[in-house]
Amino acid sequence: MTKTVNALLLILVSSVTVFSFNSTVPTRDVFDTWFSRVKEHPECVSSSAVTENDLDQFFLHYQLPSTTSFKCFLTCFYGSYDLTHENGTINVDEVVKDVARITYETAAACAGKARNIPDKCQIVYVFQNCILHGNSFELTE
């Protein structure tokens, strides 16, 4: 009985991992693409006063700086690509359409974790943290 339960759990966990992300696009490519798009919205850099170091930590090293300026940069950046609604909540459909490797299930689950947060900058930060460090995310090169 225990072998059967363990086998079923393994299949379930494997299925969640496989169906959560489209792993055909390397993580590095996803981050490089979005990093290059920062130039398209310099207002997000200037209005948030985000540092180059914070941007490098995120886009080059997949680390989320916890500074207010970085959080507000992310919020502006998401908004500039319609990845958030006007009220600051995550636009799951646009995220899935525009961001490689993210499935609807993953985006919806992470958006749910940020749903009741009043601070718009914190909403996007919590969402992004969930995407990067959620249970099924695996960084690939």
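Residues numbered from 1 in each chain as written. Predicted model: local features only at pLDDT ≥ 70, side-chain atom pairs only at ≥ 80, totals over all residues. Heavy atoms only, no water.

Considering the overall build of the chain
Line of reasoning, step 1. The number of helices and strands found in the chain is eight helices and zero strands.
Line of reasoning, step 2. Secondary structure elements of the chain, listed N to C terminal, follow the sequence α-α-α-α-α-α-α-α.
Line of reasoning, step 3. Residues counted as buried form 40% of the 141 residues belonging to the chain.
Line of reasoning, step 4. Taking as baseline every contact in the chain between residues at least 6 positions apart, the subset at least 24 positions apart corresponds to 61%.
Line of reasoning, step 5. With an accessible surface of roughly 8,100 Å², the chain has 57% of that area assigned to carbon and sulfur atoms. (Helix = DSSP H or I, 4+ residues; strand = E, 2+ residues; numbered from the N terminus. Buried < 20%, exposed > 50% of the residue type's maximum accessible area, 1.4 Å probe, protein only. Contact = heavy atoms within 4.5 Å. Areas by Shrake-Rupley, 256 points an atom, 1.4 Å probe, with all protein chains shown as cover.)

Points about the packing of helix α7 (residues 104-113) against helix α8 (residues 120-133)
The axes of two packed helices give the description: the angle between them and the distance between them.
Line of reasoning, step 1. Look at α7 against α8: their axes get within 8 Å of each other, and the N-to-C directions meet at 135 degrees. Taken together, the axes of α7 and α8 are oblique relative to one another. Regarding α7 and α8, the two cross each other, and that crossing is right-handed. Taken together, the residues of α8 that come into contact with α7 (itself represented by Thr106, Ala107, Cys110, Ala111 and Lys113) are Val126, Phe127, Cys130 and Ile131.
Line of reasoning, step 2. Here the contact of α7 with α8 is composed, by residue class, of seven nonpolar, one polar and one charged. (Axes fitted to C-alpha atoms, helices over the stretch in contact; angles between N-to-C directions. Parallel < 35°, antiparallel > 145°, perpendicular 65-115°, else oblique. Left-handed = near helix turned anticlockwise from the far one by under 90°. Nonpolar A, V, L, I, M, F, W, Y, C, P; charged D, E, K, R; others polar.)

Let's talk about the packing of helix α2 (residues 27-36) against helix α4 (residues 52-61)
Line of reasoning, step 1. It is at 8 Å that the axes of α2 and α4 come closest, and there the two elements cross at 145 degrees. Between α2 and α4, the residues in contact are Arg28, Phe31, Trp34 and Phe35 and Leu55, Asp56, Phe58, Phe59 and Leu60, respectively.
Line of reasoning, step 2. In terms of residue class, the contact of α2 with α4 is made up of seven nonpolar, no polar and two charged.

Examining the state of the cysteines
Line of reasoning, step 1. Scanning all chains against the criterion turns up three disulfides.
Line of reasoning, step 2. The disulfide partner of Cys44 is Cys76, and the gap between their sulfur atoms is 2.1 Å. For the disulfide bridge between Cys44 and Cys76, the dihedral angle about the S-S bond is near -70 degrees, and by the sign convention the bridge is left-handed. In this pair, Cys44 is assigned in helix α3 (residues 42-48) and Cys76 in helix α5 (residues 68-80), connecting sequence segments 32 residues apart.
Line of reasoning, step 3. Cys44 gets classed as buried once you look at its relative accessible area, which sits at 0%.
Line of reasoning, step 4. What pairs with Cys110 in a disulfide is Cys130, and their sulfur atoms sit 2.1 Å apart. Where Cys110 bonds to Cys130 through sulfur, the torsion about that S-S bond is close to -70 degrees, and the disulfide is left-handed. (Disulfide = S-S within 2.5 Å.)

Thoughts on the side chain of Thr27
Line of reasoning, step 1. In this fold, Thr27 is placed in helix α2.
Line of reasoning, step 2. Thr27 gets classed as buried once you look at its relative accessible area, which sits at 1%.
Line of reasoning, step 3. A polar contact is formed between the side chain of Thr27 and the side chain of Arg101, at a distance of 2.4 Å. (Polar contact = N/O pair within 3.5 Å; in protein donor to acceptor, adjacent residues only side chain to side chain.)

Points about the nonpolar core
Line of reasoning, step 1. Membership of the largest hydrophobic core comes to 34 residues, with the highest contact counts inside it found for Phe59, Phe73, Ile90 and Phe127.
Line of reasoning, step 2. Elements supplying a minimum of two residues to this core: α2, α4, α5, α6 (92-98), α7 and α8.
Line of reasoning, step 3. It is α8 that contributes the most residues to this core, seven residues altogether.
Line of reasoning, step 4. Every residue in contact with Phe73, bar those within four places of it in the chain, is listed here: Val38, Cys44, Val45, Ser48, Val50, Leu55 and Phe59. (Core = buried A, V, L, I, M, F, W, Y, C linked by side-chain atoms within 4.5 Å.)

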